[in-house]
Amino acid sequence: MPDSAVTPTTQKKAPPGPPPPRDVRLSNRIRLIRNVLPVIIVLVVIAVEFGISQLPSRQAELTAHLLFYGLLGPLVTFFSAEWIAEGRARANWPNWSCGSCTRNSACLTRAWRACRS
């Protein structure tokens, strides 16, 4: 029996959620990083070096170099590695979660709960 307080005219539609994540294969991720990241790095370095060369003093240039290269390099490396690791984990989930018992529903349930926690 429907709730009398909620009528079809008063029901609100839920806003559309974010689109589902695209399933990108690990080899595609590695290829993308290998081909695109070096070009992006070169362009960013050229722009930053030009900007740093416009600074008024040598001390400001040194500080800008240390901040830029000391922070950006490790961040790019970390996030690239995390992106690849995420793809690797997604690709291997069926293999490590159940091994030889893929038809066993109890095993699948345990694996699903372990992944959600």
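Residues numbered from 1 in each chain as written. Predicted model: local features only at pLDDT ≥ 70, side-chain atom pairs only at ≥ 80, totals over all residues. Heavy atoms only, no water.

Helix and strand counts for the protein chain come out as three helices and zero strands. Ordered by position in the sequence, the α and β elements of the protein chain form the string α-α-α. Looking at the protein chain as a whole, 10% of its 117 residues qualify as buried. Put simply, of all contacts in the protein chain between residues at least 6 apart along the chain, 48% involve residues at least 24 apart. (Helix = DSSP H or I, 4+ residues; strand = E, 2+ residues; numbered from the N terminus. Buried < 20%, exposed > 50% of the residue type's maximum accessible area, 1.4 Å probe, protein only. Contact = heavy atoms within 4.5 Å.)

Looking now at the pattern of salt bridges. Side chains that carry opposite charge are capable of pairing whenever their charged atoms lie near each other. Taken as a whole and assessed by the stated rule, the structure comprises one salt bridge. The salt bridge partner of E61 is R58, with a shortest N-O separation of 3.4 Å. On the criterion of helical spacing, the pair formed by E61 and R58 is a turn pair, its members being three residues apart in helix 2 (residues 58-98). The buried category is assigned to E61, whose relative accessible area is 16%. For R58, a relative accessible area of 69% gives the class exposed. (Salt bridge = Lys/Arg side-chain N within 4 Å of Asp/Glu carboxyl O.)

For the protein chain, the mean per-residue pLDDT works out to 74, and 61% of the residues sit at or above 70. The least confident element of the protein chain is helix 3 (residues 105-116), whose mean pLDDT is 69; the most confident is helix 1 (residues 26-53), at 87. (pLDDT = per-residue confidence, 0-100.)

Here the largest pocket defines a volume of roughly 160 Å³. Forming the boundary of the largest pocket are L37, I40, I41, V44, V45, F68, Y69, L72, G73 and V76. Counting only elements with at least two residues in the lining of the largest pocket, the list comes to helix 1 and helix 2. A class-by-class count of the residues in the lining of the largest pocket yields nine nonpolar, one polar and no charged. (1 Å grid on protein atoms, 1.4 Å probe; cavity = no way out; pocket = protein on both sides within 12 Å on 5 of 7 lines; lining within 4 Å. Points joined across faces, edges and corners; volume = space filled by probe spheres on them. Nonpolar A, V, L, I, M, F, W, Y, C, P; charged D, E, K, R; others polar.)

Enumeration according to the criterion identifies two aromatic pairs in this entry. Taking the centre distance of 4.8 Å and the plane angle of 80° together, the rings of F68 and Y69 count as edge-to-face. Take Y69: its relative accessible area is 36%, and that puts it in the partly exposed class. Aromatic pair F78 and F79: ring centres 5.1 Å apart, planes at 75°, arrangement edge-to-face. (Phe/Tyr/Trp six-rings, centres within 6.5 Å; stacked < 30°, edge-to-face > 60°.)

Turning to a nonpolar patch on the surface, a few remarks are in order. Taken together, the side chains of L32, V36, I40, V44 and L72 make up a nonpolar region of the molecular surface, amounting to roughly 350 Å² of accessible area. Looking at which element gives the most residues to the nonpolar patch, the answer is helix 1, with four residues. Here L72 lies in helix 2. Residue classification places L72 among the partly exposed residues on the basis of a relative accessible area of 32%. (Patch = residues over 30% accessible without salt bridge, like charges linked within 9 Å, V, L, I, M, F, W, Y side chains within 5 Å. Areas by Shrake-Rupley, 256 points an atom, 1.4 Å probe, with all protein chains shown as cover.)

Another aspect to go through is the environment of R29. Looking at the element boundaries, R29 is found in helix 1. Judged by its relative accessible area of 3%, R29 falls in the buried class.

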